[in-house]
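Survey of secondary and tertiary structure
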Amino acid sequence: MDADLRSVASARRTVLAAWDAYRQFLGTDPKVVDEIVWAMSRAVQTESKRLGEIAAEETGYGNAEDKRIKNLFNAVSVADWLRNITTLGVLWRDEVTKIAAIGEPMGVVAALIPVTNPTSTIIYKVLSAVKSGNAIVCAPHPRGVRCGLETVRVMAEAAEQHGAPRGLIQCLDEVTVEGTAELMRHRRTSVVMATGGPAMVRAAYSSGKPTLAVGAGNVPVYVHASKARELDEVAEQIIMSKCFDYGTACLSEQAVMADRQIARALREEMKLKGAYFCSSAESKTLGELIFAGGRSIVPAYVGQSAQRLAELSGFDVPPRTRILVSEQSEVGWKTPLSAEKLNPILAWYEVKDAAEGIARSGDIVRFGGWGHSAVIHCDEAEVVAEFSRLPVGRVLVNTPAIVGGMGFSTDLEPSFMLGTGTWSGSITSDNVTALHLINIKRVAYESRPWRDIYDVYGD
């Protein structure tokens, strides 16, 4: 049997088992559901370091320490948030209008897992799916099967030890495009959660099933002159966010727009904190390397360190270099480093004022980042308000994109799946949570005499 047939067979087997488990799980007391979610959270917390190491080794993307932090964010912050929300049973009731809302699970969730975040995304999706009373089958990237299986094993064993039926949480053990497609379109699959590249997202929306999928991010960060006295902190925020896990998150900053009057000082602060500003020749070589003449990044150069990318491009950088910065004047495929780069490379633009900074940020967003996120460092409310007109789902103010957008340094809902709205063809612009994985039933009592319709609309 060839790989496609084995993967299709795996998809059919797991989704049918998940459906049976879901039927058994249906009606479970929400308090028991919470105990299961918390047990999975505790189990995966103790394994976060090991799972991060497996993920980095297997995929070759990012670094183990930052993957450990990503795992813990989902195992701790997402789980803590889930403990304080209601997803099943009566969500709310209004005695005046005589309406009550009841949450019910959707069924079997098909969860597509990206190679860039193979363990942390599973943790987030499994916790969210089970909290909302669903079964879940994870479809990892072929380069992330081993770490995906291990993450699911840890969580499934903890769940079953606390009363979850066997088969409620599963992972494909052999993955091909055909197998993943079969999982998505199977008659027992209820909803698809897709995180990954554009091709995966298109396939998910073409599956014929209700789909939560997210688009690419080309995140601009505008630094306004009002931050002149805090440029050391601004520089650290931008660099930390961009180099975190070697830039594997689509949420990390992709291009800086710096007001001209503070640009030189910001540049110096960034250099002090590990930014290497490339020459024009080095930038050209770097762009040719990671895009290889195409319009998408070469997979081999995703999630690599700044030192590694410089070495491959044929130039040297100081040993403590954290990110590479490429000075640009245009946006578009003539300057490929203005596109989304899933590695620690940052484009750099200098602008004369807020109007130009906001306009250039809009250019970046529209060049491959419709609907995702944008960042502004600014202390003037009017400028922030104008910047917030950009076509993105979240505008992050005075905080790093990576920790602000996922809901750690802001009060956005903690999530590892950020909707990009209809700007990029997504059904939602929210930070996706367990509340997106339930059907909400309304129970409505008569609140006014039904016969009054003839008085209101009669002749």
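Definitions and limits used
Per chain, residues are indexed from 1 in the order of the written sequence. Reporting of local features is limited, given that this is a predicted model, to residues whose pLDDT is at least 70; pairs of side-chain atoms are given and counted only at 80 or more, and all residues count toward the totals for whole chains, interfaces and linings. Heavy atoms from the whole structure form the basis of all side-chain values; hydrogens and water molecules are not counted. Helix and strand labels come from DSSP, where a helix needs a run of H or I of at least four residues and a strand needs a run of E of at least two; each type is numbered from the N terminus. Atoms considered for the radius of gyration are the C-alpha atoms alone. The globule rule reads 2.2 Å times the number of residues to the power 0.38. To sort residues, take the accessible area from a 1.4 Å probe on protein chains only and compare it with the maximum for the residue type: under 20% means buried, over 50% means exposed, and anything in between is partly exposed. The contact rule is simple, with two residues in contact once any of their heavy atoms fall within 4.5 Å. The Shrake-Rupley method, run with a 1.4 Å probe sphere, supplies the accessible areas, and residue values consider only the shown protein chains as cover. The pairing criterion is simple: DSSP has to find at least two bridges between the two strands. Each axis is a line fitted through C-alpha atoms, taken for helices only over the stretch in contact, and angles between the N-to-C directions span 0 to 180 degrees. By this rule, a helix spans an expected 1.5 Å times one less than how many residues it contains. Note on bend: at a given residue it equals the angle between the axes fitted to the 7 residues ending there and to the 7 starting there. Centres within 6.5 Å make a pair out of two Phe, Tyr or Trp rings, where for Trp the six-membered ring is used; the pair is then stacked when the planes are under 30 degrees apart, edge-to-face when over 60, and tilted otherwise.

Counting secondary structure elements, the protein contains 16 helices and 15 strands. A compact globule built from 459 residues should have a C-alpha radius of gyration of about 23 Å, and the protein, at 24 Å, falls within 12% of that. Viewed in the frame of its principal axes, the protein has a C-alpha envelope of about 70 × 70 × 40 Å. Looking at the protein residue by residue over its 459 residues, the buried ones come to 57%. For the protein, the proportion of contacts with a sequence separation of at least 24, taken over those separated by at least 6, is 73%. Total accessible area computed for the protein in this model is approximately 19800 Å², and 51% of it derives from carbon and sulfur atoms.

As summarised here, the arrangement of the five strands in space is 5-4-3-6-7, forming an open sheet in which the pairing is parallel. The two strands at the open ends of the sheet, each matched to only one other strand, are strand 5 (169–171) and strand 7 (211–213). This sheet shows a mean twist of 15° between the axes of neighbouring strands, independent of strand direction. The pairing of strand 3 (residues 108–112) with strand 4 (residues 135–139) spans five bridges and is parallel. Bridging across to strand 4, Val108 finds its partner in Ala135. Its contacts with the sheet put helix 6 (residues 145–161) on strand 4 and strand 5, and the angle it makes with strand 5 is roughly 165°.

We now examine helix 4 (residues 64–83). Spanning 20 residues, helix 4 covers 28 Å between terminal C-alpha atoms, matching the ideal 28 Å at 1.5 Å per step. The largest bend along helix 4 measures about 25° and falls at Phe73. Here helix 4 has its buried residues at Asp66, Lys67, Lys70, Asn71, Phe73, Asn74, Ala75, Val78, Ala79 and Leu82. As for helix 4, its buried residues are in contact with helix 2 (30–46), helix 3 (48–59), helix 5 (120–131) and helix 9 (231–243).

In this description, a pair of aromatic rings is defined by centroid distance and the angle of the planes. Across all of its chains, the model carries seven aromatic pairs by this definition. Both rings, one in Phe73 and one in Phe416, keep their centres 6.0 Å apart while their planes meet at 35°; by these two values the pair is tilted. With Phe73 in helix 4 and Phe416 in the loop between helix 15 (401–405) and strand 15 (438–444), the pair connects residues that are 343 residues apart, well separated along the chain. We classify Phe73 as buried; its relative accessible area is 5%. Consider the rings of Tyr276 and Phe315, whose centres lie 6.0 Å apart with planes at 20°: the pair is stacked. Here Phe315 lies in the loop between helix 12 (306–313) and strand 11 (323–327) and Tyr276 lies in strand 10 (residues 275–277), a separation of 39 residues in the sequence. With respect to burial, Tyr276 and Phe315 carry one shared label: buried.

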